[in-house]
Amino acid sequence: SVITGAVFAFFAEPLSIAIFGDDSTALTIRLLAPLLPFMYIDSIFDSLLKGMDDQLSVMRYSLSEAVTRIALVFLLIPKTGYAGFIFTIYMGNMINTCLGAVRFCRTGG
């Protein structure tokens, strides 16, 4: 996922042109590229916890992430616009990743 993130970061313009036909999304691709490893790790922890029969924790963490994102959307985006949107995406993913990692370590992982 680190390599994929690096590819997205370094080749944002060509990827944007290849996928969307112009380079208007290149900035967003580049800004979200560092988040890919965390998204991958989050997916791993979610799967591990589900495999350990701890689906309830995964659901609670996903719900808390969703509530956090909704609150940030209402609070930040009207005042900060695009920067608030990017921050909201990062915070939601980081919260879920951290909660999953902590739970996994506490349950004997």
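See the structure above.
Keep in mind it's a predicted model, so treat the numbers as computed, not measured. (Residues numbered from 1 in each chain as written. Predicted model: local features only at pLDDT ≥ 70, side-chain atom pairs only at ≥ 80, totals over all residues. Heavy atoms only, no water.)

Colleague: Explain the packing of aromatic side chains here, please?
Modeller: Here the distance between the centres and the angle between the planes together describe a pair of aromatic rings. Under the definition given, this model contains 2 aromatic pairs. With a centroid separation of 5.6 Å and an interplanar angle of 50 degrees, the aromatic rings of Phe45 and Phe104 are classed as tilted. Of the two residues, Phe45 sits in helix α4 (residues 36-51) while Phe104 sits in helix α6 (residues 82-106), which places them 59 residues apart along the sequence. Judged on exposure class, the residue Phe45 and its partner Phe104 are both buried. (Phe/Tyr/Trp six-rings, centres within 6.5 Å; stacked < 30°, edge-to-face > 60°. Helix = DSSP H or I, 4+ residues; strand = E, 2+ residues; numbered from the N terminus. Buried < 20%, exposed > 50% of the residue type's maximum accessible area, 1.4 Å probe, protein only.)

Colleague: What should I look at first to understand the pattern of salt bridges in this one?
Modeller: Two side chains carrying opposite charge are able to pair once their charged atoms lie near each other. In the structure shown here, the tally under the stated rule is 3 salt bridges. Arg103 is the salt-bridge partner of Asp54, the closest N and O atoms lying 2.7 Å from each other. One end of the pair, Asp54, is in the loop between α4 and α5 (55-80); the other, Arg103, is in helix α6, and 49 residues separate them in sequence. Among the residues examined, Asp54 registers a relative accessible area of 10% and is labelled buried. Notably, a salt bridge pairs Arg69 with Glu65, separated by 2.8 Å at the nearest N-O pair. (Salt bridge = Lys/Arg side-chain N within 4 Å of Asp/Glu carboxyl O.)

Colleague: Would you mind showing me how to read the environment of Asp22 here?
Modeller: When you line up the elements, Asp22 lands in the loop between α2 (12-20) and α3 (26-32). Of the residues examined, Asp22 reaches a relative accessible area of 36% and is grouped as partly exposed. When the C-alpha atoms of Asp22 and Leu36 are compared, they prove to be 23 Å apart, with 14 residues separating the residues in sequence. Residue contacts for Asp22: discarding those within four places in its chain leaves Ser16 and Ile17. Side chain to side chain, Asp22 and Ser24 meet in a polar contact 2.9 Å long. (Contact = heavy atoms within 4.5 Å. Polar contact = N/O pair within 3.5 Å; in protein donor to acceptor, adjacent residues only side chain to side chain.)

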